Amino acid sequence: MSYCREEGKDRIIFVTKEDHEAPSNAELIADDPNDPYEEQGLILPNGEVNWNCPCLGGMASGPCGSQFKEAFSCFHYSKEEVKGSECIDNFRAMQECMQRYPELYPQDEDSESSPPQGQSGSAPPTDSDPPASTTQSAPSSDSEAPSEGQNAS
Amino acid sequence: MLKCRSVWNKLAPLGRSSAAAACRRPAAGRTGLQQGGGACGVPAAAMSTGGAGGAGGGGGQNMMYFLLVGATAIGGGVYTYRTVRGDRERYDERITEITSRPTKSQQTSYIQSPEPDSVAAAPETEALAPAPQEESPAPVEETPAPIEETPAPVEETPAVEETPVVEETPVVEETPAEEPSAPSSSEDSPESGPEPAGEPAALEPDVVEPAASLEPAAAEPAAALEPAAAALEPAAAALEPAAVEAEAVEPEAVEPAAVESVAVEPAAVEPAAVEPAAAVEPAAVEPAAVEVAAVEAVAVEAVAVEVAAVEPAAVEPAAVEPAAVEAAAVEPVAVEAAAVGADPIAPAESAEPAASLPVVPGHAPYLLIGGGTASFAAARSIRARDPGAKVLIVTDEPDLPYMRPPLSKELWFSDDPTVTDTLRFKQWNGKERSIYFQPPSFYISPEELAVAPNGGVAVLTGRKVVHMDVRGNKVQLDDNTEISYDKCLIATGGVPRNMQVIERAGEEVMNRTTLFRKVEDFKVLDMVSRSVKSITIVGGGFLGSELACALGRRSADSDLEVVQIFPEKGNMGKVLPEYLSNWTTEKVKKEGVKVMPEALVKSVSFKDEQVHIHLKDGRVVITDHLVAAVGLEPSVDLAKSAGLEVDADFGGYRVNAELQARSNIWVAGDAACFYDIRLGRRRVEHHDHAVVSGRLAGENMTGANKPYWHQSMFWSDLGPDVGYEAIGIVDSSLPTVGVFAKATAKDTPRAATEKSGTGIRSESETEEVAQSPVASTTPAPPSLPQKDDYGKGVIFYLRDKVVVGIILWNVFNRMPIARKIIKDGEEHADLNEVAKLFNIHED
């Protein structure tokens, strides 16, 4: 059973696994998905791409940022059966640009979001774990470090 | 209501009588009187309904009433219409008058060879940008418009700043129009270049005009030059910089006439310097010509010219750009020149060989002061949101932006002997990376900034901003270069605090003291730790404790003695509640550190080749090297010149919830004392906060207007056993409630698990694995719930019963829940229930 102790102004509670088995009755306020203040994920509520999403790493802000934005926008709004099939030129341009910066965009990565090796982030905090869960998030960390990059949330 | 009543009362008798008359007529034969009387009486009674009037008051009265009201309405309508129309006409007149004004002034200001076309062009442009005009009146627009046919180099006008009041900017803009042959209207194209300012395109065209602004006084050599200009092509485009200051320029005979330059004080100096401007392609000829011209012309600095000449070449191959280019190219030159008449070159390049020409742009749409984490996060955010944005980072460090936490953690645990050079470390997920956010190829060079078609991030290293002119929207560097901006971010961070006793102790002690913050400090300390026998760390907070653990670990392989002294009772005494702080201190001791809590330094002296630290309680610590980790002093040097408020309680620049200090100035990172909507005003010195606030500032600089909302977190690792993440206000003076997982037989005290030194953040997995097998090393694993086994848990910090801070003690990946609890700001009756949300028993 749990056991509690007070040391001055600090309270210490020790709990066993059983103590915490019952679900919590603490109430949390429901989140508003359209809250403008909150950090947005990759896609904004109005349907547009959030270029500032940590999950993209530095893709949209680097030297090939404009090519990346064009290619990805084209893909995002594509309504073809094979999504993005009409965007091949944009992607080619992007790839050409990226080839000019091998340091930033290592060629052995195929996923678009793992540009620079440096992107990954840092931070030890495992907090980045969720973000790290996808390769996408890898880039996010870079400067986001522990702020668990929203990762594609 | 009452008023109506009284009025009505007064009018009633009148009405009654008329109504009565009216009533009597039709009701001749009837008891109309009665009715009439009644009816007459009605108005008085029905007064409350106000205009009911006529209710029985007889049709006549109604009619009259309607007539009156109608007439009034019509009259009012007519009056309104007339007024509005008249106002509009007046307004139109005024506008036309204003727009025609610049042309007038322009013509007068045109010093020489007022190119008719240019002038003509100017007016158009003028019209376009009446506004810009005013702003940059001072700055000489001159802009290159004059394309003189002569090879004479065109002075480039560094368009830069256009919008901001340029005056100062030594930058010279001009577009080298030279092309001896036909007006190379091409030059004009520069307009594309001008972008930089991002000012309304209108400005570009303005370039043509340059006229007005000219400092006129400057005229100086310009006059001479002008003649050449003549050609000027219409290039209005060339002008673009218009807004830009066109400074100095003059010398070149050619100069684009417009040049005049200078705006401000430095102007005089510049003269020579500036021109170089873009020279543009025709440049081949020009450059040479230019230089020559420049040389002689420049009264001031011939040198500058050369440099400039070089630049132009470098600048733009693009045909027209020149204008644009100039901005880039010129500025550097111009800038320098301005600063010191003496040798323009020096300033410009910062003494670089002509070849490299580190040019300093005269204008940066987004200027970020400080090259740390917050600045980089802002740069990234700006680039993501504003396509083609041109961002300039000015830092006094010689390094590109890098992250600081590994300097006191991961880098020390690296097995790589060359780590001090490569600065690479292994992350928690096993992947290696450098402390630099991006490799150098990510950035563009400052001189290219103005002409880069898609913008970019440029870093100017080794320069410090010493003065800020908020009204003029520009800053001055330590080499007297000036850079104007549209939006500015101050992310200057801070400098480590030093202790007075150390400063008073003399040079020998100072030479043996490290104030740890930068890469340089890491390299020095690493070297020192391999050569001395004893290192003492003063300070028991995050940095002090982390360094102590890192060095302590190193001491295991060498005979290095590591001592840590601080006034609190235990490590992290100001952050962790006492019981946890004591527990942590034990852990630090286990890392091989000699911890001396409750130690106040009284004086420090140097004797027998060693540093003697005398404590207040009489103890003396004898050591070879000192590391002071006693806090950070936020850098607020610019507050005075910029007129920014400094917070008395927390230090740092005072900003609002949107991180804005003044109209175009934001502050982020360690230096920002901001208003947190949830937790109140505070200043946070953590890495994640720098990232979050930098990103937010970048968003707000591009028009987002979002307040600080996403709560930043921080973390610390003190050896393989102690790792925690925290969020919010974590101050040990607040009442706390800690919920810990009671150790069962299964998870024997972690203390027992002396892991294989896998280093910080060895990951939950390693911890788990280590538990069972390694238990043997412990003497006698306590079987009953040890009071002091704080293996893992959650600690809540309360302020008025609301949770304002949370520490996740050895539990990971739960930060989002913690963040949510703080965001809600609710009063929870039972925090144990809240703790259940974290599932601390699982990994």
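Residues numbered from 1 in each chain as written. Chains lettered and ligands numbered in written order. Predicted model: local features only at pLDDT ≥ 70, side-chain atom pairs only at ≥ 80, totals over all residues. Heavy atoms only, no water.

Novice: Please provide a residue-by-residue account of the overall build of chain B, values included.
Specialist: Each helix and strand in chain B was counted, giving 28 helices and 28 strands. Burial status across chain B gives 60% buried among its 843 residues. For chain B, the proportion of contacts with a sequence separation of at least 24, taken over those separated by at least 6, is 73%. (Helix = DSSP H or I, 4+ residues; strand = E, 2+ residues; numbered from the N terminus. Buried < 20%, exposed > 50% of the residue type's maximum accessible area, 1.4 Å probe, protein only. Contact = heavy atoms within 4.5 Å.)

Novice: How would you summarise the overall build of chain A if you had to cite specific residues and measurements?
Specialist: Per the secondary structure count, chain A includes four helices and two strands. Looking at chain A as a whole, 50% of its 153 residues are labelled buried. Long-range contacts, defined here as pairs at least 24 residues apart, represent 34% of the contacts in chain A between residues at least 6 apart. Taken as a whole, chain A presents about 7,300 Å² of accessible surface, with 51% of it coming from carbon and sulfur. (Areas by Shrake-Rupley, 256 points an atom, 1.4 Å probe, with all protein chains shown as cover.)

Novice: Give me the environment of Gly58 of chain A: which residues, what numbers.
Specialist: Within the secondary structure, Gly58 of chain A sits in the loop between strand 2 (10–15) and helix 1 (65–77). Through-space distance from the C-alpha of Gly58 of chain A to that of Leu104 of chain A is 9.5 Å; in sequence the pair is 46 residues apart.

Novice: Give me the side chain of Lys820 of chain B: which residues, what numbers.
Specialist: Here Lys820 of chain B lies in helix 27 (residues 815–824). If sequence neighbours within four positions are ignored, Lys820 of chain B has contacts with Leu28, Ile29 and Asp31 of chain A.

Novice: Before we move on, can you summarise the packing of aromatic side chains with the specific residues and values?
Specialist: Under the counting rule described, the total for this entry stands at 24 aromatic pairs over all chains. Residues Tyr402 of chain B and Tyr436 of chain B carry aromatic rings whose centres are separated by 6.2 Å and whose planes lie at 75° to one another, so their mutual orientation is edge-to-face. Within this pair, whereas Tyr402 of chain B is found in the loop between strand 2 (390–394) and helix 16 (405–408), its partner Tyr436 of chain B is found in the loop between strand 4 (432–434) and helix 18 (446–449), the two being separated by 34 residues in sequence. In this structure Tyr402 of chain B comes out as buried when scored by relative accessible area, which is 2%. Residue classification places Tyr436 of chain B among the partly exposed positions, given a relative accessible area of 22%. Taken together, the ring pairs connect Tyr3 and Phe14 of chain A together with Tyr579, Trp583, Tyr724, Phe740, Tyr790 and Trp809 of chain B into an aromatic cluster. The ring centre of Phe75 of chain A lies 5.4 Å from the NZ or CZ of Lys83 of chain A, which sits over that ring. (Phe/Tyr/Trp six-rings, centres within 6.5 Å; stacked < 30°, edge-to-face > 60°. Lys NZ or Arg CZ within 6 Å of the ring centre and 35° of its normal.)

Novice: Which residues make up the pairing of strand 17 (residues 625–628) of chain B, and what values go with them?
Specialist: All names here are of chain B. Here strand 17 shows two buried faces, one formed by His625 and Val627 and the other by Leu626 and Ala628. As judged from the three bridges shared by strand 10 (residues 513–515) and strand 17, these two strands associate in the parallel manner. Residue pairing in the sheet places Thr514 in a bridge with Val627 of strand 17. As paired elements, strand 11 (residues 534–538) and strand 17 share four bridges and run parallel to each other. The partner of Thr536 across the bridge, within strand 17, is Leu626. (Pairing = 2+ DSSP bridges.)

Novice: Break down helix 21 (residues 519–531) of chain B for me, citing the residues and quoting the values.
Specialist: With 13 residues, helix 21 of chain B extends 19 Å between its outermost C-alpha atoms, agreeing within 8% with the 18 Å of an ideal straight helix rising 1.5 Å per residue. Residues of helix 21 of chain B that are buried in the fold lie against helix 16, helix 17 (419–422), strand 10, strand 11, helix 22 (542–555) and strand 17 of chain B. (Expected span 1.5 Å × (residues − 1).)

Novice: So, the state of the cysteines: which residues are in play, and what are the values?
Specialist: All names here are of chain A. Applying the stated criterion across every chain, the model contains three disulfides over all chains. Here Cys64 engages in a disulfide with Cys97; their sulfurs sit 2.0 Å apart. Here the S-S torsion is close to -95°, and the disulfide linking Cys64 with Cys97 is therefore left-handed. Of the two residues, Cys64 is situated in the loop between strand 2 and helix 1 and Cys97 in helix 2 (residues 88–99); the sequence distance between them amounts to 33 residues. Each member of the pair Cys64 and Cys97 is classed as buried. Here Cys74 pairs with Cys87 through a disulfide, and the sulfurs are 2.0 Å apart. (Disulfide = S-S within 2.5 Å.)

Novice: Explain the sheet that holds strand 19 (residues 653–654) of chain B residue by residue, including any values.
Specialist: Residues and elements named next belong to chain B. Strand order in the open sheet formed by three strands is 19-22-23, and the pairing between neighbours is mixed. Single-partner strands in this sheet number two, and they are strand 19 and strand 23 (680–682). Pairing between strand 19 and strand 22 (residues 672–676): two bridges, direction parallel. Directly across from Arg654, in strand 22, lies its bridge partner Cys673.

Novice: Give a description of a negative patch on the surface that names residues and reports values.
Specialist: A surface patch of negative charge is lined by Glu27 of chain A together with Asp800, Glu826 and Glu827 of chain B. One can find Glu827 of chain B in the loop between helix 27 and helix 28 (831–836). Given the relative accessible area of 54%, Glu827 of chain B is considered exposed. (Patch = residues over 30% accessible without salt bridge, like charges linked within 9 Å, V, L, I, M, F, W, Y side chains within 5 Å. Salt bridge = Lys/Arg side-chain N within 4 Å of Asp/Glu carboxyl O. Lys, Arg positive; Asp, Glu negative; His and termini not counted. Charge placed at Lys NZ, Arg CZ, Asp CG, Glu CD.)

Novice: So, the sheet that holds strand 25 (residues 722–728) of chain B: which residues are in play, and what are the values?
Specialist: As summarised here, the arrangement of the seven strands in space is 1(A)-2(A)-26(B)-27(B)-28(B)-25(B)-24(B), forming an open sheet in which the pairing is mixed. Every other strand in the sheet has two partners, leaving strand 1 (3–7) of chain A together with strand 24 (713–718) of chain B as the edge strands with one partner each. Averaged over all adjacent pairs, the angle separating strand axes in this sheet is 20°, with direction ignored. Strand direction decides the pairing type here: strand 2 of chain A and strand 26 (residues 736–741) of chain B, joined by six bridges, are parallel. Paired with Asp10 of chain A across the strands is Thr736 of chain B, a residue of strand 26 of chain B. Contacting strand 24 and strand 25 of chain B, helix 22 of chain B crosses the sheet at an angle of about 30° to strand 24 of chain B. (Axes fitted to C-alpha atoms, helices over the stretch in contact; angles between N-to-C directions.)

Novice: Hey, could you go over the UniProt feature "domain: CHCH" (unreviewed entry) in chain A for me, with residue numbers and the actual values?
Specialist: Listed under "domain: CHCH" (unreviewed entry) in the UniProt record, and renumbered for this structure, are residues 64–100 of chain A. In residues 64–100 of chain A, the share of helix is 68% and the share of strand is 0%. The end C-alpha atoms are 9 Å apart. (UniProt positions renumbered as here; feature names shortened; annotations may be inferred.)

Novice: Lay out the packing of helix 15 (residues 373–385) of chain B against helix 25 (residues 687–701) of chain B with the relevant residues and their values.
Specialist: All names here are of chain B. Relative to each other, helix 15 and helix 25 sit at 35°, their axes nearing to 7 Å. Handedness of the helix 15/helix 25 crossing: right-handed. Every residue of helix 25 that contacts helix 15 at Thr373, Ala374, Ala377, Ala378, Ser381, Ile382 and Arg385 is listed here: His687, Ala690, Val691, Gly694, Arg695, Gly698, Glu699 and Met701. Per-class residue counts for the contact of helix 15 with helix 25 are seven nonpolar, five polar and three charged. (Left-handed = near helix turned anticlockwise from the far one by under 90°. Nonpolar A, V, L, I, M, F, W, Y, C, P; charged D, E, K, R; others polar.)

Novice: Give a detailed account of the pairing of strand 2 of chain A, specifying residues and quantitative values.
Specialist: Taking burial as the measure, the six residues of strand 2 of chain A include five buried ones, the bulk of the element. Between strand 1 of chain A and strand 2 of chain A, which pair antiparallel in sequence order, lie two residues; one of them, Gly8 of chain A, sits at a positive phi of approximately 70°.

Novice: Pulling in residues and values, what's your account of the nonpolar core?
Specialist: Residues Leu367, Met468, Ile483, Phe796, Ile806 and Trp809 of chain B are the most contacted members of the largest nonpolar core, which totals 154 residues. Other than its neighbours up to four places away in sequence, Phe796 of chain B contacts Pro735, Thr736, Val737, Val739, Val803, Gly805, Ile806, Leu831, Val834, Ala835 and Phe838 of chain B. (Core = buried A, V, L, I, M, F, W, Y, C linked by side-chain atoms within 4.5 Å.)

Novice: Please provide a residue-by-residue account of helix 22 of chain B, values included.
Specialist: Residue and element names in this part refer to chain B. Taking 1.5 Å of rise per residue, 14 residues should cover 20 Å, and helix 22 covers 20 Å from first to last C-alpha, within 8% of that figure. A large share of helix 22 lies buried, amounting to twelve of its 14 residues. When helix 22 is considered as a whole, its buried residues turn out to be Gly544, Ser545, Glu546, Leu547, Ala548, Cys549, Ala550, Leu551, Gly552, Arg553, Arg554 and Ser555.

Novice: How would you summarise the pattern of salt bridges if you had to cite specific residues and measurements?
Specialist: All names here are of chain B. All told, the structure shown has 32 salt bridges over all chains when counted by the stated rule. Note that Asp670 is salt-bridged to Arg517, the shortest N-O span being 3.1 Å. Taken together, the residues span a long stretch of sequence, with Asp670 in the loop between strand 21 (665–667) and strand 22 and Arg517 in the loop between strand 10 and helix 21 at a distance of 153 residues. Taking the relative accessible area as the measure of exposure, Asp670 reaches 12% and is therefore buried.

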